[in-house]
Amino acid sequence: MFRAIIVFCLIGVSPAAVAQSLFGPSERPTLAACMAIPENKAWIQTVTHQLRERAPKLNLGRGTVTIKFHVDFRGHVTRASFANYDNNARALVAAGMITSLKLPPPPFDMETDCRDFEQTFHFH
Amino acid sequence: MKAAAVFLAFLLVLAQPATAQSIFDGLGGTGDPARDAERAEFRQWWQSIARQVREHTSLLAIGHGTVTVHFCVDAAGRVVDAQVVKSGNNEQALLALSTISSLKLPPPPLFSRAAIKKYGCYKFSQSFHYN
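Residues numbered from 1 in each chain as written. Chains lettered and ligands numbered in written order. Predicted model: local features only at pLDDT ≥ 70, side-chain atom pairs only at ≥ 80, totals over all residues.

Enquirer: Which residues make up the overall build of chain A, and what values go with them?
Expert: When its secondary structure is counted, chain A shows 3 helices and 6 strands. Ordered by position from the N terminus, the helices and strands of chain A form the series β-β-β-α-α-β-β-α-β. Per-residue burial for chain A yields a buried fraction of 32% across its 124 residues. A separation threshold of at least 6 residues defines the contact pool for chain A, and within that pool the share at least 24 residues apart is 72%. (Helix = DSSP H or I, 4+ residues; strand = E, 2+ residues; numbered from the N terminus. Buried ≥ 20, exposed ≤ 12 C-beta atoms within 10 Å, placed from the backbone. Contact = placed C-beta atoms within 7 Å.)

Printed below as a string of structure tokens:
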């Protein structure tokens, strides 16, 4: 029943709506900028590590699901939404993986924007 | 996508190699240090499975219901077979199966591998209670 599975990549920090300010358009940090701080890098690696650990081995056919999500200051996944999916079963399994993350709180000085992620799951 | 607190899990061993009863069992030991050590090792392995199931369980709110999955772990610690034997709905069954198939288990204790050779694998039953 089990077959291999899922390849996935954490695209990184997702650019969401950019708020205009009196000082001009705000610039969202890139993933590289977020990971330039060692504490941030270690925490983001925890996210990717946990996602790898949670990859199921169900054979659900080929397809891609992309989910955007945010992690709050406590390490809880919030504001998760589908950016792309082509099949309900795959979408449910991907959403299950994202909502199963048990993350430690991010570094206290980590920018909020650095906690926005876009995760793509490639099912084979 | 709405997430809510979700579930309770119960892990049972379905098939274990036969173990003889001992008058020391009630005291928490068999009186045989080697056998006690083996039991402790097995308990540790079993607890690692239960811990992973807890950690890998999704917090998606997909209604009330109970799903029971029977699965088998081979000598290398791989989940080699899993079957939903009871489920409330398809979504719950899929998520439960996904959780079980995502387990990355350490190999079972050395002493129990002989039993696995004999029985094929260790059978477990996992129930998920979605709230």
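Enquirer: Describe the overall build of chain B, and please don't skip the residues or the numbers.
Expert: A count of helical and extended segments in chain B gives 3 helices and 4 strands. Helices (α) and strands (β) of chain B occur, in sequence order from the N terminus, as β-α-β-β-α-α-β. Sequence-distant contacts in chain B: of pairs separated by 6 or more residues, those separated by 24 or more amount to 76%.

Enquirer: Run through the interface of chain A and chain B, naming residues and quoting values.
Expert: Every contact between the two is made by 19 residues of chain A and, on the other side, 18 residues of chain B. In terms of residue count, the dominant contributor to the side of chain A that touches chain B is helix α3 (residues 88-99) of chain A (6 residues). Classifying every residue of the side of chain A that touches chain B by side-chain character gives 11 nonpolar, 4 polar and 4 charged. (Nonpolar A, V, L, I, M, F, W, Y, C, P; charged D, E, K, R; others polar.)

Enquirer: Before we move on, could you go through the pairing of strand β5 (residues 77-84) of chain A and cite the residues and values that matter?
Expert: With 5 bridges connecting them, strand β4 (residues 63-71) of chain A and β5(A) associate as antiparallel partners. Note that in β5(A) the partner of K68(A) across the bridge is S81(A). (Pairing = 2+ DSSP bridges.)

Enquirer: Any details on the environment of P106(B)? Residues and values, ideally.
Expert: All names here are of chain B. As for its placement among the helices and strands, P106 is situated in the loop between α2 (90-101) and α3 (110-119). Note on P106: 12 C-beta atoms within 10 Å, which makes it exposed. Spatially, the C-alpha atoms of P106 and Y130 are 27 Å apart, while their sequence positions differ by 24 residues. Each residue touching P106, except ones within four places of it in the same chain, is listed here: W45, S48 and G77.

Enquirer: So what's going on with unusual backbone geometry? Which residues, and what values?
Expert: The backbone of R79(A) sits at a positive phi, close to 50°, despite the residue not being glycine. For R79(A), the location among the structural elements is in strand β5.

Enquirer: Please provide a residue-by-residue account of α2(B), values included.
Expert: Between its first and last C-alpha, α2(B) extends 16 Å over 12 residues, near the 16 Å set by a 1.5 Å rise per residue. For α2(B), the tally of buried residues reaches 9 of 12 residues, placing the bulk of the element in the interior. Of the positions making up α2(B), those classed as buried are Q92(B), L94(B), L95(B), A96(B), L97(B), S98(B), T99(B), I100(B) and S101(B). Looking at the packing, one finds that the buried side of α2(B) touches α3 of chain A together with α1 (33-56), β2 (65-73), β3 (79-86) and β4 (122-130) of chain B. (Expected span 1.5 Å × (residues − 1).)

Enquirer: Please set out the environment of H129(B) residue by residue, giving values where relevant.
Expert: Residues and elements named next belong to chain B. For H129, the location among the structural elements is in strand β4. A tally of 16 C-beta atoms within 10 Å means that H129 is categorised as partly exposed. For the pair formed by H129 and P108, sequence separation is 21 residues and the distance between their alpha carbons is 27 Å.

Enquirer: How would you sum up the nonpolar core? Please name residues and give values.
Expert: If you look at the biggest cluster of nonpolar residues, it comprises 45 residues, and the most contacted ones within it are A94(A), A95(A), I98(A) and I100(B). Per element, the largest residue contribution to this core is 7 residues, and it comes from α3(A). (Core = buried A, V, L, I, M, F, W, Y, C linked by C-beta atoms within 7 Å.)

Enquirer: Could you give an account of the confidence of the model for chain B, naming the residues involved and the relevant values?
Expert: Residue and element names in this part refer to chain B. The pLDDT averaged across chain B works out to 79; a share of 77% of its residues lies at or above 70. Low pLDDT, under 50, characterises residues 1-7; the predicted model gives this stretch 21 contacts beyond four residues in sequence or across chains. Contacts for the low-pLDDT stretch residues 15-24, under 50 throughout, to residues beyond four places or in other chains number 10 contacts. Interface confidence for the predicted complex, expressed as ipTM, amounts to 0.76; the pTM equals 0.78. (pLDDT = per-residue confidence, 0-100.)

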